Amino acid sequence: MALKLVYWDLRGLGEPIRYMLRYSDLEWEEERLTVGMEGYGTWLKYRDAPDMVVPNLPFLVDGDKKISQTLAIARHVARKAGLMPSDADDLLLCEMVEQEIMDLRGRLTTTCYDPYKVFLPDAPKSETGKHDFEHLKAAFIKRLNERLPKLEPLFAKGFLLGDKLSYADFLVYEFLDQFKNFSPDSFNGFDNVNTFMEKFEGLKGVKEWQQGETYKAGQNINAPIAVWFKK
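This structure is a prediction, so every number in the text was calculated from the model and none was measured.

(A) How the structure looks around the pattern of salt bridges. A full pass over the atoms with the stated rule returns 18 salt bridges. Among the salt bridges present, the one from arginine 11 reaches aspartate 177, with a minimum N-O distance of 2.8 Å. One end of the pair, arginine 11, is in the loop between strand 1 (3-8) and helix 1 (15-23); the other, aspartate 177, is in helix 6 (residues 167-182), and 166 residues separate them in sequence. Considered together, arginine 11 and aspartate 177 belong to a single accessibility category, that of buried residues. Among the salt bridges present, the one from aspartate 90 reaches lysine 164, with a minimum N-O distance of 2.7 Å. Of this pair, aspartate 90 sits in helix 4 (residues 88-112) while lysine 164 sits in the loop between helix 5 (133-151) and helix 6, and the two are 74 residues apart along the sequence. Ionic contacts of the salt-bridge type, sharing partners, join the residues Asp9, Glu15, Arg18, Arg22, Glu30 and Arg32 into one network.

Here it is as structure tokens:
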């Protein structure tokens, strides 16, 4: 039975998993929920199903299991696709880097989405809160500029584990590409990081996807309700 990935019709937190599935030989399909009330209604039906253990998007259907949370899905797919390190030290490095890149992605989310806007009928409303995008943008770029030098030496030999591709590379690539769209100048001078990204783009499944019309047309990184959602 094919795996099924369900997520919004944007890159967001789902794209690293999509890249893993495109690269793998696993049989899979996806359901992209429209970003709007129709897609939200579909999500509510999934969310309230009794077999959804921890409701969230993205989620992956694997047989009778529904797996949510980005990292849990990534690790599950990695185990099925042979992308999970078997060496304990390699796994530890991947886990540290996965948390680092997810921390940065969380900061981008906080920067781009105004929590004081009421997007959904059941969302709480604030009369006094103010989302200062320019302040948060500067803080995010400062953090990114501090952390890229930490990542640079880790990719001196190609992928995170040298010539061994792992699930962490998929997380790192996609989120770095999102950050590069947000702050391209931050990546100047980081030869290892940029070479890693170029090498990743040559992987089977990845290369074909990026040569396709859907990719070339562009996909939103965040939902259009965000202050910044660039394709």
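Additional details are given in the paragraphs that follow.
(B) Focus on the nonpolar core. Formed by 54 residues in total, the largest nonpolar core has its most connected members in Met20, Ile101, Tyr167, Leu176, Phe179, Phe182 and Phe187. Among the secondary structure elements, those contributing two or more residues to this core are strand 1, helix 1, helix 3 (70-81), helix 4, helix 5, helix 6, helix 7 (191-200) and helix 8 (206-210). It is helix 6 that provides the largest number of residues to this core, a total of ten residues. Every residue in contact with methionine 20, bar those within four places of it in the chain, is listed here: Ala74, Val77, Ala78, Leu83, Tyr167 and Phe170. In this structure, Tyr7, Tyr40, Leu57 and Ala223 belong to the second largest nonpolar core, which totals eleven residues.

(C) Molecular detail of the pairing of strand 3 (residues 59-62). What you see with strand 3 is no split at all: Phe59 and Val61 on one side and Leu60 and Asp62 on the other are buried throughout. The pairing of strand 1 with strand 3 spans three bridges and is antiparallel. Residue pairing for strand 3: lysine 4 is matched across the bridge by valine 61. With four bridges joining them, strand 3 and strand 4 (residues 65-68) adopt antiparallel strand pairing. Across the sheet, valine 61 pairs through a bridge with lysine 66, a residue of strand 4. Remark: two residues form the turn of the hairpin made by strand 3 and strand 4, two consecutive strands paired antiparallel; glycine 63 in that turn has positive phi of roughly 65 degrees.

Reading the values: the criteria
- Residues numbered from 1 in each chain as written.
- Predicted model: local features only at pLDDT ≥ 70, side-chain atom pairs only at ≥ 80, totals over all residues.
- Heavy atoms only, no water.
- Salt bridge = Lys/Arg side-chain N within 4 Å of Asp/Glu carboxyl O.
- Helix = DSSP H or I, 4+ residues; strand = E, 2+ residues; numbered from the N terminus.
- Buried < 20%, exposed > 50% of the residue type's maximum accessible area, 1.4 Å probe, protein only.
- Core = buried A, V, L, I, M, F, W, Y, C linked by side-chain atoms within 4.5 Å.
- Contact = heavy atoms within 4.5 Å.
- Pairing = 2+ DSSP bridges.

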